[in-house]
2 protein chains.
Amino acid sequence: MVYTFCERVSSSGYDDDLELLNDSLHEFGGCGGSVLLSSPIERVGGKNENCEAKALAALKNHSEAERRRRERINGHLATLRGLVASAHQKMDKATLLAKVISQVKELKKNAMEASKDFLIPMETDEVKVEPYDIKLGYGCMSYMATICCDYQPEILCDLKKTLDALQLQLVKSEMSTLERRMKNVFVFTCCKGVNNSVDVEACQSIGNVVHKALGSVLEKASMSMEFALTTSYPNKRRRMC
Amino acid sequence: MVYTFCERVSSSGYDDDLELLNDSLHEFGGCGGSVLLSSPIERVGGKNENCEAKALAALKNHSEAERRRRERINGHLATLRGLVASAHQKMDKATLLAKVISQVKELKKNAMEASKDFLIPMETDEVKVEPYDIKLGYGCMSYMATICCDYQPEILCDLKKTLDALQLQLVKSEMSTLERRMKNVFVFTCCKGVNNSVDVEACQSIGNVVHKALGSVLEKASMSMEFALTTSYPNKRRRMC
DNA sequence: AAGCACACGTGAATC
DNA sequence: TGATTCACGTGTGCT
């Protein structure tokens, strides 16, 4: 649709000037068909005042309802603007919404990973060494090493020996158990850098060494577990570490 | 501002009909001042065609730019609609934005709590027992008990004895250490319900008992720590559990 | 019919 | 200036 303006009148916002709105009333029928055909100029008004007033009221209602709707939406937009809080509060709607989208995705991803970290895989054993993004200053990287398998007391001995032998700088260690399963997590740092920049290769090779060592521990444990299951004393007590 | 319609013309979207838009051209001056004063009816056009064409093009550009803007915003809105994914995709913009807001707040709160759970308070000891919202079916509640203090080997003995004595149904246990500090977390269930409904009071009293017991363990540990610090052998080895 | 929600084109402001 | 953003009133479809 294309519609054209007949005249534009400056007035004080939402006034009740009937004359100015006469031409809009075609749209609201039911007040006598002749009005629909008479041109704006020929019509002098007089007996249709009631009808026009009603139509005007409807129009006013409509625009005010629309204004309320806009305010509702813009209010929520303002809340979101405060919520994403990317320093500068001057941002157009589209950009704001884009930022909201990326924020929601980011938060969801983090939540997913966090819940995954909290879980203990029940069926599969695993050894994992991966970079861990805590900030420890320049020249340092940190890694998170995970080993998850069936619980066996002696694996703690092996683990301790292995970690001691590697002389890792342990930042944090965590052990959780769930039913017959256990999961050990170590966070360690690698400060192999020179001139305040990380020597990435040296750190990676340390990571690989740790991965290999944990792999050996796991392998030994699962072998010992198999052996235990095939002997006639499956519940035989083992020496604590 | 209030403006009135002269006539409304049905046409195919965005066409180039100059006549219909003549009346809109006041707004775009610079094509000869006389046009601004002549009425739409008196004016016959002819020598201002070039000017009018330019104005029309500007107007068309404007409306198309606005259309693109709307599409950009609505596109993001659609993405968000898919992201909150509250089953029913029929939702007005305001409601959608409200849901996005609550979702973001929820996710942020969870992230905060998760990071808090992962932290070990370094300065203050603490004992905490609080409901833990994992679903275990009807008639069961679960709790998370936390005890955090300086690391002492014998506290593990005390803890084990205490938990055994309480005969808790342990679901998960977790111990983390950071420098000289340790944190132990236990998740246990309380299935005291009758007729598939939880006996909340019974569970709460169990929670209180656990809290009290852990408090005693912590108290004993800190007393023993103080004793160790005041003796002449602060680094004296203690028997492992 | 009467209310609501949306898309549209426009006027004004800002850069 | 031209481009871009916003608020506004309106037309229209749905319920």
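Quick caveat: nothing in here was measured; it's all calculated off a predicted structure.

### Examining the overall build of chain A
So, step 1. Assigned secondary structure in chain A consists of six helices and five strands.
So, step 2. For chain A, the sequential pattern of α-helices and β-strands runs β-α-α-α-α-β-β-α-β-β-α.
So, step 3. Within chain A, buried positions represent 33% of all 241 residues.
So, step 4. Carbon and sulfur atoms provide 55% of the accessible area of chain A, an area that totals close to 15400 Å².

### Considerations on the packing of aromatic side chains
The geometry of an aromatic ring pair is captured by two quantities: the separation of the ring centres and the angle between the planes.
Residue and element names in this part refer to chain A.
So, step 1. Tallied over the entire structure, the rule returns two aromatic pairs over all chains.
So, step 2. Ring centres of Tyr143 and Phe188 lie 5.8 Å apart, and the angle between their planes is 20°; on these two criteria the pair is classed as stacked. Within this pair, whereas Tyr143 is found in strand S3 (residues 141-150), its partner Phe188 is found in strand S5 (residues 181-190), the two being separated by 45 residues in sequence.
So, step 3. Overall, the relative accessible area of 0% leaves Phe188 in the buried class.

### Considering the confidence of the model for chain A
Residues and elements named next belong to chain A.
So, step 1. Scored by pLDDT, chain A comes out at a mean of 75, with 68% of its residues at no less than 70.
So, step 2. When pLDDT is averaged over each element of chain A, helix H3 (residues 49-84) comes out on top at 92 and strand S1 (residues 2-9) at the bottom at 37.
So, step 3. Segment residues 1-29: pLDDT under 50, and 69 contacts once partners within four positions in sequence are set aside and those in other chains are kept.
So, step 4. Low pLDDT (under 50) marks residues 236-241, which in the prediction has six contacts with non-local residues, meaning those over four places away or in another chain.

### Re the sheet that holds strand S5 (residues 181-190) of chain B
So, step 1. Spatially, S2(A)-S3(A)-S5(A)-S4(A)-S4(B)-S5(B)-S3(B)-S2(B) is the arrangement adopted by the eight strands of the open sheet, whose pairing is antiparallel. Both edges of this open sheet fall to strand S2 (126-131) of chain A together with strand S2 (126-131) of chain B, since each of them pairs with a single strand only. Adjacent strand axes in the sheet meet at a mean angle of 10° when their direction is disregarded.
So, step 2. The pairing of strand S4 (residues 169-178) of chain A with strand S4 (residues 169-178) of chain B spans five bridges and is classified as antiparallel.

### With respect to unusual backbone geometry
Residues and elements named next belong to chain B.
So, step 1. The backbone phi angle of Gln167 is positive, close to 50°, even though this residue is not glycine.
So, step 2. For Glu179, which is not glycine, the phi dihedral falls at a positive 50°.
So, step 3. The topology assignment puts Glu179 in the loop between S4 and S5.
So, step 4. Taking relative accessible area as the criterion, Glu179 reaches 69% and is therefore assigned exposed.

### Considering the side chain of Gln152(A)
Residue and element names in this part refer to chain A.
So, step 1. Its location among the elements puts Gln152 in the loop between S3 and helix H5 (153-166).
So, step 2. At 3.4 Å, the side chain of Gln152 forms a polar contact with the backbone oxygen of Ala221.
So, step 3. The contacts of Gln152, once residues within four sequence positions are left out, are Met182, Ala221, Ser224 and Met225.

### Notes on the nonpolar core
So, step 1. The biggest cluster of nonpolar side chains holds 26 residues, and the ones touching the most others in it are Val100(A) and Val100(B).
So, step 2. Counting only elements with at least two residues in this core, the list comes to H3 and helix H4 (93-118) of chain A together with helix H2 (49-84) and helix H3 (93-118) of chain B.
So, step 3. For Val100(B), the residues in contact, after removing those within four places along its chain, are Leu80(A), Val100(A), Leu80(B) and Val84(B).
So, step 4. Listed in part, the 20 residues of the second largest apolar core include Val129(A), Met182(A), Cys190(A) and Val210(A).

### Topic: the packing of H4(A) against H3(B)
So, step 1. It is at 10 Å that the axes of H4(A) and H3(B) come closest, and there the two elements cross at 40°. Here H4(A) is positioned oblique relative to H3(B), judged by the angle of their axes. The hand of the H4(A)/H3(B) crossing is left-handed. Residue-level contacts link Leu97(A), Val100(A), Gln103(A), Val104(A), Leu107(A) and Lys108(A) of H4(A) to Leu97(B), Val100(B), Gln103(B), Val104(B), Leu107(B) and Lys108(B) of H3(B).
So, step 2. For the contact of H4(A) with H3(B), the class distribution of residues is eight nonpolar, two polar and two charged.

### Topic: H3(A)
Residue and element names in this part refer to chain A.
So, step 1. An ideal rise of 1.5 Å per residue puts 52 Å on 36 residues; H3 measures up with 52 Å between its terminal C-alpha atoms.
So, step 2. Within H3 the residues assigned to the buried category are Cys51, Glu52, Ala55, Leu56, Ile73, Leu77, Leu80, Leu83 and Val84.
So, step 3. Downstream of H3 by one or two residues, Ala85 has phi in the positive range, about 40°.

### Focus on the packing of H4(A) against H2(B)
So, step 1. Following both chains from N to C, one finds H4(A) and H2(B) inclined at 20°, their axes separated by 9 Å at the closest point. With respect to H2(B), the element H4(A) is oriented roughly parallel. Considering how the two elements wind past one another, H4(A) and H2(B) form a crossing that is left-handed. Of H2(B), the residues touching H4(A) (which contributes Lys93(A), Ala94(A), Leu97(A), Ala98(A), Val100(A), Ile101(A), Val104(A), Lys105(A) and Lys108(A)) are Arg69(B), Arg72(B), Ile73(B), His76(B), Leu77(B), Thr79(B), Leu80(B) and Leu83(B).
So, step 2. Residues that form the contact of H4(A) with H2(B) fall into these classes: ten nonpolar, two polar and five charged.

### A closer look at the environment of Met122(B)
So, step 1. Here Met122(B) lies in the loop between H3 and S2.
So, step 2. The spacing of Met122(B) and Asp150(B) is 28 residues in sequence and 8.4 Å in space, taken between C-alpha atoms.

### Focus: the pattern of salt bridges
All names here are of chain B.
So, step 1. Applying the stated rule across the entire model yields 18 salt bridges over all chains.
So, step 2. Two residues, Arg67 and Glu71, come together in a salt bridge whose shortest N-O distance is 3.2 Å. Here Arg67 pairs with Glu71, and both are found in helix H2, just four residues apart, close to one helical turn.
So, step 3. With relative accessibility at 29%, the residue Arg67 sits in the partly exposed group.
So, step 4. Residue Arg180 is joined to Asp150 by a salt bridge in which the shortest nitrogen-to-oxygen separation is 3.0 Å. Taken together, the residues span a long stretch of sequence, with Arg180 in the loop between S4 and S5 and Asp150 in strand S3 (residues 141-150) at a distance of 30 residues.

Quick notes on the rules
- Residues numbered from 1 in each chain as written.
- Chains lettered and ligands numbered in written order.
- Predicted model: local features only at pLDDT ≥ 70, side-chain atom pairs only at ≥ 80, totals over all residues.
- Heavy atoms only, no water.
- Helix = DSSP H or I, 4+ residues; strand = E, 2+ residues; numbered from the N terminus.
- Buried < 20%, exposed > 50% of the residue type's maximum accessible area, 1.4 Å probe, protein only.
- Areas by Shrake-Rupley, 256 points an atom, 1.4 Å probe, with all protein chains shown as cover.
- Phe/Tyr/Trp six-rings, centres within 6.5 Å; stacked < 30°, edge-to-face > 60°.
- pLDDT = per-residue confidence, 0-100.
- Contact = heavy atoms within 4.5 Å.
- Pairing = 2+ DSSP bridges.
- Axes fitted to C-alpha atoms, helices over the stretch in contact; angles between N-to-C directions.
- Polar contact = N/O pair within 3.5 Å; in protein donor to acceptor, adjacent residues only side chain to side chain.
- Core = buried A, V, L, I, M, F, W, Y, C linked by side-chain atoms within 4.5 Å.
- Parallel < 35°, antiparallel > 145°, perpendicular 65-115°, else oblique.
- Left-handed = near helix turned anticlockwise from the far one by under 90°.
- Nonpolar A, V, L, I, M, F, W, Y, C, P; charged D, E, K, R; others polar.
- Expected span 1.5 Å × (residues − 1).
- Salt bridge = Lys/Arg side-chain N within 4 Å of Asp/Glu carboxyl O.

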